[in-house]
There are 2 protein chains.
Amino acid sequence: ESRLPGFATHQVGVAGAVVDESNGKVLVVQDRNKTKNAWKFPGGLSDPGENIGATAVREVLEETGVRSEFRSLLSVRQQHDHPGAFGMSDMYVICRLSPLTYDIDFCTQECLRCDWLDLADLAHTDDTTPITSRVAKLLLHGLERGFDHVDLTMEELPAVYSGKFYQLYHRRLPPTRER
Amino acid sequence: ESRLPGFATHQVGVAGAVVDESNGKVLVVQDRNKTKNAWKFPGGLSDPGENIGATAVREVLEETGVRSEFRSLLSVRQQHDHPGAFGMSDMYVICRLSPLTYDIDFCTQECLRCDWLDLADLAHTDDTTPITSRVAKLLLHGLERGFDHVDLTMEELPAVYSGKFYQLYHRRLPPTRER
């Protein structure tokens, strides 16, 4: 669908919200180099050729030491001219992940703190960012009512011209609708 | 959230699915320069600093002559190494738009055909791409059951450091959950 000669114009950032469904806790960090000590989900920039879910899993491991697996896409943010983007626009995607390990061994170069917080606490604390607070409320809703209420599911579909596959994220359709 | 020095790595493409709720039709085009005459939604690359919804509305107007307004985000695709991206990765977003005008005056340089098609026909024809077919099924479901079943809603939230605002897209929360 991109007809024009290509040049990159955007960064793509991905954060991972690792939710432990057994106790309602979520893995969060505080950045070392920010002025406000706000809890947020670990994340970073997507490499060219790297899938969204792979970025989330990689960044969570690098920052926190916790291994996880991709479950769904939760939100998409677009922002322009934010600090650190040097005048560029970015897309910032937050994924839901499930933990495979639980012990924290966080990167002290990047993070000041790292902890498993109650989702209910994260949803209502002032020590966080507006987007983290909003996604915590989404996750709390999912935890209580089922994550199918908040997830975008991923499916691989064939690309028309290249014979490759791509990942498409959207809300789940009833099975009768997919035909 | 982007801590690293910035360089752009991605393109962001946006397509607009203009749905006429009064008759269940959707605005589609066939590209002039493709080998397969597949119906798809008009769209193109997002300019730096341009919001997703603005890209969709602009591209629809440029390609089809139809004026429209943004309603929601429907799907996100990630694809690598596709033709036209020159080795880069891209994000491709499809929005739902509502028509403000209905007369077609399409760009003959870009498009071979442009028409309002029945959503039910688009969802089941072979003359389309897998992603267009899937999104047509999403839209058909929304048309029959309410678009709240398929939409990601947009909300503006304050950025922490810059004092600016950004657009966050996610599934709508029950009002009691937003507090």
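All residue numbers refer to position in the chain's written sequence, counted from 1. For this description, chains carry letters from A and ligands carry numbers from 1, given in the order in which they are written. Local features in this predicted model are restricted to residues of pLDDT 70 or higher, and side-chain atom pairs are both shown and tallied only at a pLDDT of 80 or more, whereas totals for entire chains, interfaces and linings draw on every residue. For side-chain calculations, the full set of non-hydrogen atoms in the structure is used, while hydrogens and water are omitted.

Q: Give me the nonpolar core: which residues, what numbers.
A: Nonpolar side chains tend to gather and get buried jointly when the protein is soluble and globular. Core analysis: the biggest nonpolar cluster contains 40 residues, and A:I52, A:M91, B:I52 and B:M91 have the highest contact counts within it. If we ignore the near neighbours within four places in the chain, the residues touching A:I52 are A:V14, A:L73, A:V93, A:C95, A:Y169, B:Q78 and B:M91. The term nonpolar core refers to a set of buried residues drawn from Ala, Val, Leu, Ile, Met, Phe, Trp, Tyr and Cys, joined through side-chain atoms within 4.5 Å. Note on exposure labels: buried denotes an accessible area under 20% of the residue type's maximum, exposed denotes more than 50%, and partly exposed covers the range between, all computed with a 1.4 Å probe on protein chains only. Contacts are assigned to residue pairs with any non-hydrogen atoms lying within 4.5 Å of each other.

Q: Outline the packing of aromatic side chains, supporting the account with residue identities and numerical values.
A: For Phe, Tyr and Trp, rings pair up if their centres lie within 6.5 Å, where Trp contributes its six-membered ring, and each pair is then called stacked (planes under 30 degrees apart), edge-to-face (over 60) or tilted (otherwise). In total, this model carries 4 aromatic pairs over all chains according to the counting rule given. Pairing A:F70 with A:Y169 gives two aromatic rings, centres 6.2 Å apart and planes at 75°, and the pair type is edge-to-face. Linking A:F70 in strand β5 (residues 68-80) with A:Y169 in strand β9 (residues 165-170), this pair joins segments that are 99 residues apart in sequence. Taking 6.1 Å as the distance between ring centres and 35° as the angle between the ring planes, the aromatic pair formed by A:Y102 and A:W116 counts as tilted. Taken as a pair, A:Y102 in the loop between β6 (89-99) and β7 (111-118) and A:W116 in strand β7 lie far apart in primary sequence, 14 residues in all. In this structure A:Y102 comes out as partly exposed when scored by relative accessible area, which is 43%. Either the NZ atom of lysine or the CZ atom of arginine qualifies as a charge over a ring when it sits within 6 Å of the ring centre and within 35 degrees of the ring normal. Seen from the ring of B:Y166, A:R77 lies directly overhead, with NZ or CZ sitting 5.1 Å from the centre. Only DSSP runs of H or I with at least four residues qualify as helices, and only runs of E with at least two residues qualify as strands; both kinds are numbered from the N terminus onward.

Q: Provide a residue-level description of the pattern of salt bridges, including the pertinent values.
A: Residue and element names in this part refer to chain A. Salt bridges, as used here, are contacts in which a Lys or Arg side-chain nitrogen is within 4 Å of a carboxyl oxygen on Asp or Glu. Taken as a whole and assessed by the stated rule, the structure comprises 18 salt bridges over all chains. In this structure, K25 engages D118 in a salt bridge whose closest nitrogen and oxygen atoms are separated by 3.4 Å. Of this pair, K25 sits in strand β2 (residues 25-31) while D118 sits in strand β7, and the two are 93 residues apart along the sequence. Taking the relative accessible area as the measure of exposure, K25 reaches 25% and is therefore partly exposed. One salt-bridge network, held together by shared partners, links D47, E50, R58, E59 and E62.

Q: Which residues make up the confidence of the model for chain A, and what values go with them?
A: Residue and element names in this part refer to chain A. A residue's pLDDT is the confidence the predictor assigns to it, expressed on a 0 to 100 scale. Per-residue confidence for chain A averages 87 on the pLDDT scale, and 89% of its residues sit at or above 70. Within the model, pLDDT remains below 50 along residues 1-5, and this stretch shows 21 contacts once partners closer than five positions in the same chain are excluded. Two numbers describe this predicted complex: its pTM, 0.87, and its ipTM, 0.84.

Q: Quick one: what's the story with the environment of A:T128, residue by residue and with numbers?
A: The residue A:T128 is located in the loop between α2 (119-124) and α3 (130-145) in this model. Among the polar contacts listed, one links the side chain of A:T128 to the backbone oxygen of A:W39, at a separation of 2.7 Å. The definition of a polar contact used here is a pair of N or O atoms within 3.5 Å, where within protein one atom must be able to donate a hydrogen and the other to accept one, and adjacent residues in sequence count solely through side-chain atom pairs.

Q: Can you lay out helix α1 (residues 52-64) of chain A for me, pointing to particular residues and giving the numbers?
A: All names here are of chain A. The length a helix should cover is 1.5 Å for every residue beyond the first. For α1, built from 13 residues, the straight-helix expectation of 18 Å at 1.5 Å per residue is met to within 8% by its first-to-last C-alpha distance of 18 Å. Of the residues making up α1, those classed as buried are I52, G53, T55, A56, E59, V60, E63 and T64. The buried residues of α1 occupy one face: seen down the axis, they fall within an arc of 160°. Where α1 ends, the next residue or the one after it, G65, has phi of about 80°, a positive value. Here the arc refers to the directions that run from the helix axis out to each C-beta atom.

Q: Any details on helix α3 (residues 130-145) of chain B? Residues and values, ideally.
A: All names here are of chain B. Taking 1.5 Å per residue, 16 residues should reach 22 Å; α3 reaches 23 Å between its end C-alpha atoms and fits that length. Taken across its 16 residues, α3 has 12 buried, putting it largely inside the fold. Among all positions of α3, only I131, T132, S133, R134, V135, A136, K137, L138, L139, L140, H141 and G142 are buried. Directly after α3, the chain includes G146, whose backbone phi takes a positive value near 110°.

Q: I'd like a description of the pairing of β9(A), backed by residues and values.
A: Judged by how many residues are buried, β9(A) sits mostly within the fold: 5 of 6 residues are covered. The sheet contact formed by β9(A) and strand β5 (residues 68-80) of chain B spans 4 bridges and is antiparallel. From the neighbouring strand, A:Y169 faces β5(B), where its bridge partner is B:V76. By the convention used here, strands pair only if DSSP detects at least 2 bridges between them.

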